[in-house]
Amino acid sequence: MLKTVFFDLDDTLLDFKKAEDNAIRETLRALSLDPSDENAARYSRINGAHWKMLERGEITRKELLTHRFEVLFDELHVMRSPEAAQKVYETALSEGAFAMPNAIETLTALYRHYDLYLVTNGADKIQSRRVQIADMGKFFKNIFVSERFGVNKPHIEFFEKCFERIPDFKKEEAVIIGDSLSSDIKGGNIAGIRTIWYNPLHKTNDIGVIVHHEIADLRELPTLLSSLSENFQD
Ligand SMILES: [Mg+2]
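Cut-offs applied
- Residues numbered from 1 in each chain as written.
- Predicted model: local features only at pLDDT ≥ 70, side-chain atom pairs only at ≥ 80, totals over all residues.
- Heavy atoms only, no water.
- Phe/Tyr/Trp six-rings, centres within 6.5 Å; stacked < 30°, edge-to-face > 60°.
- Helix = DSSP H or I, 4+ residues; strand = E, 2+ residues; numbered from the N terminus.
- Buried < 20%, exposed > 50% of the residue type's maximum accessible area, 1.4 Å probe, protein only.
- Donors = N, O, S within 2.8 Å, 3.2 Å for Na, K, Ca; no water.
- Arc of directions from axis to C-beta.
- Contact = heavy atoms within 4.5 Å.

Colleague: Explain the packing of aromatic side chains to me, please; I cannot follow it from the model alone.
Modeller: The geometry of an aromatic ring pair comes down to the distance between the two centres and the angle between the two planes. The final tally for this structure, using the stated rule, is 15 aromatic pairs. Seen from their ring centres, Tyr43 and Phe69 are 5.4 Å apart, and the 20° between their planes marks the pair as stacked. Of this pair, Tyr43 sits in helix H2 (residues 37-55) while Phe69 sits in helix H3 (residues 61-76), and the two are 26 residues apart along the sequence. With a relative accessible area of 1%, Phe69 lands in the buried category. A ring pair is formed by Tyr43 and Tyr89, whose centres lie 5.2 Å apart and whose planes are at 55°; its orientation type is tilted.

This is how it looks when you write it as structure tokens:
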């Protein structure tokens, strides 16, 4: 039987790239900097690198929040306050909730049949607000945000904290769905649950993690999950 379904949030159910792009342009504008495509792309690259560093445990979440702006302003050769930038950015980002293609209809089809949980790396306030704006909260039994636990996906402690908060949880009745090989799929492998890679851009699995199933469209999930449910051991 398949009972528990963990969903990643960013770039699985909500379009983080769009939210991030909106937020950084608003931040640049607020600091009288050019909100150009080039500057937005520059920030996105720097920010992505910082999140990978956080996943690898090389920096803390608190360091990440301002250091990414420090690097950005260094590269742009301007003097601005990273703390001020972070404040504007956080507010703008928490208002950015754009559903990924077919996310709402898929959640609508699934939530009566399975216990859905969100597992997301990020700031509690921002992620909770974005889920609320997207009107997705009603689909989930609980929302697990890494900041609340003080540890991120893919670390085992993150998943242990989720598992202990789910009544009668059994690993063999669970599956995780996400777009990131390094946090969702690797996390699922470490935690010992089945993995579904949401891979709409048909990327290659280049980090050697175990992908049990792969989908390119969220609409594939209802059929996939019901076939898994039949094959799962009771
Ligand atoms: Mg993601």
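That was the structure; now back to the text.
Colleague: How should the coordination of the magnesium ion be read in this particular structure?
Modeller: Each pair of donors in an ideal four-coordinate tetrahedral metal site encloses 109.5 degrees, whereas pairs in an ideal six-coordinate octahedral site enclose 90 or 180 degrees. Protein ligation of the magnesium ion involves Asp8 (OD), Asp10 (O) and Asp179 (OD), the donor distances falling in the range 2.1 to 2.2 Å. Within one chain, the residues serving as donors to the magnesium ion are arranged as D-x1-D-x168-D. Remark: Asp179 occurs in the loop between strand E4 (174-178) and helix H9 (181-191) and Asp8 occurs in the loop between strand E1 (4-7) and helix H1 (16-30); sequence separation between them is 171 residues. On the accessibility criterion, Asp8 (5% relative accessible area) is buried.

Colleague: How should I be thinking about helix H5 (residues 103-110) in this particular structure?
Modeller: Counting along an α-helix, one turn takes 3.6 residues, and residues three or four places apart therefore face a common direction. Buried residues of H5: Ala103, Thr106, Leu107 and Leu110, and no others. Taken end-on, H5 shows its buried residues confined to a sector of 95°, consistent with a single buried face. Its buried side turned inward, H5 meets E1, strand E2 (115-120) and helix H10 (221-231).

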